[in-house]
Each structure stands twice: as C-alpha cells, then as structure tokens.
Amino acid sequence: MSAEELLEKLSDVVIKGKIKEAKPLAEEALAAGASPEVIIFDALSKAMGVVGQKYESKQYFLPQVLLAAQTMYQALDVVLPQLKAGSAADTAAKVVIGVVEGDVHDIGKNIVKAMLTGAGYTIFDMGRDCPTKNMIDKVKAEGANIVATSSLMTPTLAAMKEIERILAEENLKPQVKSIIGGGATTKDFAAQIGADAWAYDAVEAVEVVKNLLK
Amino acid sequence: MTPKERFLGALARKEMDRPAVGCVTQSVTVDQMEWAGVEWPAAHTDAQMMAKLGIAGAKVFGFENARVPFCLTVEAEAFGATVDLGNRVKTPMLKAHPYSSEDEPAIPEGFLEKGRVATAIEAVKILKAEYGEEYPIVAGTTGPLTIAGHLVGTEDLLLMMITEPDTVHKFIKVTAEMEKQYIAALVAAGVDVINMSDPSASTDMLSAEMFDEFALPYTKHAFEGCGDAKKILHICGNTTSLLEHMINTGADGLSIEEKVDSAEAVNIVNGRVALVGNIGSVKPLYMGTPEECAADAARIRDAGFNIIAPGCGLAAETPKANIEAFVKTIKG
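Residues numbered from 1 in each chain as written. Chains lettered and ligands numbered in written order. Predicted model: local features only at pLDDT ≥ 70, side-chain atom pairs only at ≥ 80, totals over all residues. Heavy atoms only, no water.

### Description of the domain arrangement of chain A
Residues and elements named next belong to chain A. Structurally, chain A comprises domain 1 (3-82) and domain 2 (94-212). The centre of domain 1, based on its C-alpha atoms, is set 25 Å off from the matching centre of domain 2. Listed per partner, the contact involves 16 residues of domain 1 and twelve residues of domain 2. Both faces considered, domain 1 and domain 2 share a buried interface measuring about 1,000 Å² in area, 77% of it formed by carbon and sulfur atoms. Of all residues in domain 1, the largest losses of buried area upon contact with domain 2 belong to Met 48, Glu 56 and Tyr 73, amounting jointly to 34% of the total for that side. Inspection of the region where domain 1 meets domain 2 yields zero salt bridges. Applying the counting rule to domain 1 against domain 2 returns two residue pairs in polar contact (both at pLDDT 80 or more). Secondary-structure elements contributing two or more residues to the side of domain 1 that touches domain 2 are helix 3 (36-56) and helix 4 (62-79). A total of nine residues in the side of domain 1 that touches domain 2 trace back to one element, the largest contributor, which is helix 3. Split by residue class, the side of domain 1 that touches domain 2 holds 13 nonpolar, two polar and one charged. (Domains from an automatic or database assignment. Contact = heavy atoms within 4.5 Å. Buried area = accessible area lost by both parts, 1.4 Å probe. Salt bridge = Lys/Arg side-chain N within 4 Å of Asp/Glu carboxyl O. Polar contact = N/O pair within 3.5 Å; in protein donor to acceptor, adjacent residues only side chain to side chain. Helix = DSSP H or I, 4+ residues; strand = E, 2+ residues; numbered from the N terminus. Nonpolar A, V, L, I, M, F, W, Y, C, P; charged D, E, K, R; others polar.)

The following block contains the structure:
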C-alpha cells in the first residue's frame, strides 16, 4: 500500500475503533515515508473529526467515541516519539486540561482531551479531582496557552471561579485563555466568572479552542 | 389532604386541585442542615441524623415528601468501593473501584446489616415511625448500570459494551440482584416510593438500543423488589428520545431534567406514567433568581407535570429564596 492508502486505512481504523490494527498501521505508514505530522493531521485528526460528527448526529454514542479515542492513542504511541523538535506539531499550542478539585467525573474531560489531541494540540492531562494550585503551576511550568477545566458537580463550580481569580491575580491573562465545560456549567456561568470560553461538548470545544488561539 | 395523599395521588395520576411539590433526587441544603442541627458528612453514617435531615426538606421548605439517603455511592461502597464522604456541602464521591474486568463480582454477604446500607434502612424506619402517616418516604437508590460502572470504572464499562459485552452483563446482573434485595429491605422498612437514579444510562452516554440491552432488563429486575411501593426512574440529560424506553421499565413515574422540554415530555408520555421535575438544578435553582424559579415552576405545572420538583439533585448551597419561590408557586 502507498503511504496515502495507509493513511486512509488508519483513519478508517480509528473511526471504527479497530484498536489492534492501529499500531501496526502507524508503523507501516512511517515506514512508507509518511511524516509524523502527516499521520497526525491527515489521518488521526481527520478521523477524530469524523467521530465527532458521528457523535453529534447520534450515529455514535460514548462507547464508540471512547473506543475511537483509545485507538487513536495506540497510533500516537508510535508516532509521537518520532516527532522532531520544532516541527509544526511540536510547536502547536499547549493545553492544560483537568477535572476541578472535588469532582471525579472525568469521561467528558477524556473525550475533550482526545478531540484536542486529534486536532494536533499538545495536551497536559492533570487528571481528575485536581487541586487548583497544581493546575496553575502546570500552566506556568509549560507556558501553556489554554487551561481547560471541567465539572459535572454543582458544588465544585467554585473551583472554576478560583482558577479565574488566580489567573487574573497572577497576570497570566490574556496570554493564557481559559475554557470551561461539563454538565454543571453553562455559558452564562462562564461569562459570570470571567472564563474566556465555554463549550457544550467535545466537538464544540475543538472549534472554541481554535478561535481562542486566533 | 395530607402531603402523603397528595404525593401518592399525583404519582397515581389522580385528578387533583394542584400537582404535588417535592424533591425525589438529592434534596438536602445548608438551610435544612441548620434547621436540623445536623450536617454532612456525619449524617451519611448515622441513622438518627439521616432521618432528621430526611424530613428537613418537608419542614423547612414544605416539600411533600421525606427522602433519604443523600448520595449514589451507598451501593458501590457495600460492594467494597472506597468512598470519600465529602464535607458539609459536598456529597460523597467514589475514590477507587473494587473490581477489574476479569473478576467475578459477588453480592457482599450480609450487606443489608452493614455500613451505610444498614444506616439508610434504619433511617427509613425512624422516618416511618415519626412521620409515616403524614409524609411519603422516598428512598434514593442507584441504577444497576450506574453501580456496575462504580465497580469497574464507568469509562471501562462503556468501552466494554463494544469490546466485551458479556463482561458488562456479568457485572450488571449482580448489581441488579443486589439492588433488588436492597430495595426490598427499604420497602420492608417502610419506604413508600423508590427513586432509582441511573445517570450512566443517560442519552449523553448510550443509544436507546444500548439502554434496552444494558439498562432496561436490569432496572426491571431491581424494581421487582418494590412490591407495592411506587417506582420513580430518574435519568439525567436530555432524555426526550429515551422516555418511551424508560416507561418500559414499569416505572410509575419518570423524573427528568430541564434539558427535556416540559410540554414535549407531557405529550410523549401522554398520561401513561407520572412526570416528576423538571426545574433546572443549576439554572435557575442554584444560580438564578426566585422570580425565575417561580416562573419555571408555573410553566412546568401548566405543562401538566404531576410532581413539580428539581430536575436533578439539589446543590447543598442552593439559595433558600429560590426553593421557597418554587414551592410557593405550586402551593399558593
């Protein structure tokens, strides 16, 4: 197969969640001369875009999306170590993402992470129930462009307010943009606390982050 | 008419001068804690305290039901999950899952006499003895699918619905049987209404076909424990397309969120079951104004809901004035 056909096939494998086929295909694509960037942007990113559309149109539900994400990560395990410093993907915007302190619901965060990874951003995943201070420290240490937090539980919304307060207090804005999401949040709430953006779901989050970085 | 007659009448879809008003999802707020002189997290593990907070919504705000316990981690903890009981304003949270997918899950021996399962059953007995004539006792329980997610991790459970569906069935089968036994014990202790919350069965997670495979038969099985007690099924998110499937569980009432259009829900359900909800718990109840809460309650009443209630669990710091406004709108 040509590199182009391999990329096409890899994209299909991610969309269909054929998890065992992802690694060998990514290796084949590299061997056939496809660069890591091309594999990320022309195969994986495209595939996650399609997965997002299928989720929006209710052809896919969470299990299929999670499986596609796992499949993409398999390919990334092969491709990412091959990235050369200074390449387009290496210098892509950096996103610190996490579930705020007090909440352990992280499926939504993981989907957003997968979509943003698919879109080519460098992601620093702070996991769930993450103390506000750790989140801010990571933003500073990595020189991140975006801090993305999620909360499903109303009582933990206060932590998002706290993040905004610290970002302002430490003069990290406007270099660092904040985006929030999750079941307990609304667009109104984001505006109220001074967050730069809010997204309804992971698909919208990709668009919103793109706009924030303009 | 006692609150009990009205609440149970509303669930049975009887003609009445007004709908019932109450809360079948998490109903405790800090103002109720103040009235009761009892706080979280202590009330999660002490039957007397739990009962006191369980009636507080009725005493402070005029809810037409009592309700215990206050979280969805009781069952998972009985299976051995590690739980952080939270604090005064934060509900308990799961810290670790007790099983991995290869394990054979088993109903924990003697679980009805242990831990917070025993606390909840005891709290029901206290409520029944003190308030059982006047108020219906609602017990909040967890759906078998959600409990199974707590046992192996919800994300893994969802993935396995595609990769290893048999493993998923293996777990939910056990959680459904455990739930049936727990519900039967709650009903024997005096519960009038079981509210089963199954957040992991939401349309945000599953297709209707997946609901029919992984939730429906097990919810039915667990509901068998109810006997003569009434059954309410609560599922979060926009459940418009799921209402038909929820009715198939045999529930007497469906509790739904504000993401479902109230009038559309009434249309779809068409008198086959009672509708409970659907004032937004975050907006307007937690973050909005009393005027918005009153307007929402009136709109939902006029749409034809049987029990006007928060669409999901109340945040502990929900403002007093907002709850008062929605209750007053219904009671006049």
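So that's the structure; there's more coming.
### Some details on the pattern of salt bridges
Residues and elements named next belong to chain B. Within this structure, the stated rule accounts for 29 salt bridges over all chains. Among the ionic pairs, Glu 257 bridges to Lys 259, the shortest N-O distance being 3.8 Å. Lys 259 sits in the partly exposed class, given a relative accessible area of 39%. Each of Arg 6, Asp 17, Arg 18 and Glu 64 takes part in a single network of salt bridges with overlapping partners. (Buried < 20%, exposed > 50% of the residue type's maximum accessible area, 1.4 Å probe, protein only.)

### Overview of the interface of chain B and chain A
As a measure of interface size, the accessible area lost when the parts come together is often cited. Opposite the 26 residues of chain B that make contact, chain A presents 26 residues. At the junction of chain B with chain A, the criterion picks out two salt bridges. Taking the shortest distance from any N to any O, the salt bridge between Asp188(A) and Lys283(B) comes out at 3.2 Å. Our count for the chain B to chain A interface comes out at five residue pairs in polar contact (both at pLDDT 80 or more).

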